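A closer look at the structure
These are the residues of each chain, in order.
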Amino acid sequence: MRTVVVVAGTLLLGIGAGVAQQDAVKVAQDTMKANGRNMGTVLSPMVKGEKPYDQAAVDAALNQLDDTAKKLPTLFPASVKDAKWEGDFSPSPKIWEDKAGYDAKVASFAKVVTEAKAKIKDLDSLKANFPGIGKECSACHETYRLKKG
């Protein structure tokens with residue numbers, strides 16, 4: 001009977017770890033998808049003149065990007081390194097192999113977003129600052145994100 005309890009307990013711990021891993025993956029994916037939405041469907045269309053300038057929407061988008069910048073240092077813990085990632089993208093192993101490089105990219109992204117939040121007050125200032133945000137976002141993706149297929 002004792003063996004059955006130990007085996008059952010071990011199985012439950014394994015299941016719990018798997019659930020925690022998938023929860024961490026979902027948080028990371030949801031956070032990055034929110035970045036994509038804010039960059040691609042809120043800010044970029046305003047810059048391109050496809051949508052009217054909306055300061056409240058800009059502020060909300062920048063706040064989300066800022067929140068992501070704060071989460072990024074812990075968004076990809078070692079426990080998710082071998083996880084299954086749904087969708088078109090997954091984190092590159094370089095996130096864990098080059099932690100210092102990843103942390104430097106995150107810090108650069110955070111700095112640009114923080115500066116943009118203070119500067120963007122109208123369409124002209126959005127147009128002036130949006131490329132820098134996009135550049136920092138893309139620079140991290142080039143090294144630390146993999147496209148599947």
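Everything here concerns the structure above.
Residues numbered from 1 in each chain as written. Predicted model: local features only at pLDDT ≥ 70, side-chain atom pairs only at ≥ 80, totals over all residues. Heavy atoms only, no water.

Turning next to the overall build of the protein chain. For the protein chain, the count of helices and strands is 5 helices and 2 strands. Listed N to C, the secondary structure of the protein chain is α-α-β-α-α-α-β in terms of helices and strands. Relative to its 149 residues, the protein chain shows a buried fraction of 34%. Expressed as a percentage of contacts within the protein chain between residues at least 6 apart in sequence, the contacts between residues at least 24 apart total 77%. Surface summary for the protein chain: the accessible area is close to 8900 Å², and the carbon and sulfur share equals 60%. (Helix = DSSP H or I, 4+ residues; strand = E, 2+ residues; numbered from the N terminus. Buried < 20%, exposed > 50% of the residue type's maximum accessible area, 1.4 Å probe, protein only. Contact = heavy atoms within 4.5 Å. Areas by Shrake-Rupley, 256 points an atom, 1.4 Å probe, with all protein chains shown as cover.)

Once that is clear, we can look at the layout of surface pockets. Its volume calculated, the largest pocket comes out at about 560 Å³. Along the walls of the largest pocket sit 27 residues, with Met32, Lys33, Phe89, His141 and Arg145 positioned nearest its centre. Class assignment for the residues of the lining of the largest pocket results in 14 nonpolar, 8 polar and 5 charged. (1 Å grid on protein atoms, 1.4 Å probe; cavity = no way out; pocket = protein on both sides within 12 Å on 5 of 7 lines; lining within 4 Å. Points joined across faces, edges and corners; volume = space filled by probe spheres on them. Nonpolar A, V, L, I, M, F, W, Y, C, P; charged D, E, K, R; others polar.)

Take helix α5 (residues 123-144) next. In this model α5 runs 31 Å from its N-terminal to its C-terminal C-alpha over 22 residues, within 8% of the 32 Å that 1.5 Å per residue would give. At Asn129, α5 is deflected by roughly 30°, the largest bend along its length, and proline Pro131 occurs up to four residues later in sequence. Considered for burial, the residues of α5 that qualify are Ser125, Leu126, Asn129, Phe130, Ile133, Gly134, Glu136, Cys137, Ala139, Cys140 and Tyr144. Two or three places before Asp124, at the start of α5, stands the capping residue Asp122, its side-chain oxygen 3.3 Å from that residue's backbone nitrogen. (Expected span 1.5 Å × (residues − 1). Bend = angle between axes of the 7 residues up to and from the residue. Polar contact = N/O pair within 3.5 Å; in protein donor to acceptor, adjacent residues only side chain to side chain.)

Applying the stated criterion across every chain yields a total of 3 aromatic pairs. Look at Phe76 and Tyr102: their rings are 6.4 Å apart centre to centre, the planes differ by 85°, and that puts the pair in the edge-to-face class. Of this pair, Phe76 sits in the loop between α2 (55-75) and β1 (89-91) while Tyr102 sits in helix α4 (residues 99-119), and the two are 26 residues apart along the sequence. The exposure classification of Phe76 matches that of Tyr102, with both residues buried. Chaining the aromatic ring pairs together yields one cluster made of Phe76, Trp85, Tyr102 and Tyr144. The aromatic ring of Phe89 is capped on one face by Arg145, whose charged end is 3.7 Å from the ring centroid. (Phe/Tyr/Trp six-rings, centres within 6.5 Å; stacked < 30°, edge-to-face > 60°. Lys NZ or Arg CZ within 6 Å of the ring centre and 35° of its normal.)

Next up on the list: α2. The terminal C-alpha atoms of α2 lie 28 Å apart, and with 21 residues this matches the ideal 30 Å at 1.5 Å per residue to within 8%. At Ala69, α2 shows its maximal bend, which comes to roughly 30°, and the proline Pro73 appears one to four places after that position. All of the buried residues along α2 are Val58, Ala61, Leu62, Gln64, Leu65, Asp66, Thr68, Ala69, Leu72 and Leu75. Capping the start of α2 is the job of one residue whose side-chain oxygen sits 3.1 Å from the backbone nitrogen of Ala56: Asp54.

Our next topic: the packing of α4 against α5. Closest axis-to-axis distance for the α4/α5 pair is 10 Å, and the angle between their directions is 165°. Comparing their axes, α5 and α4 come out roughly antiparallel. α5 is crossed by α4, and the crossing has left-handed handedness. For the pair α4 and α5, contact is made by Gly101, Tyr102, Lys105, Ser108, Phe109, Val112, Val113, Ala116 and Lys119 and by Ser125, Asn129, Gly132, Ile133, Glu136, Cys137, Ala139, Cys140 and Tyr144, respectively. In terms of residue class, the contact of α4 with α5 is built from 10 nonpolar, 5 polar and 3 charged. (Axes fitted to C-alpha atoms, helices over the stretch in contact; angles between N-to-C directions. Parallel < 35°, antiparallel > 145°, perpendicular 65-115°, else oblique. Left-handed = near helix turned anticlockwise from the far one by under 90°.)

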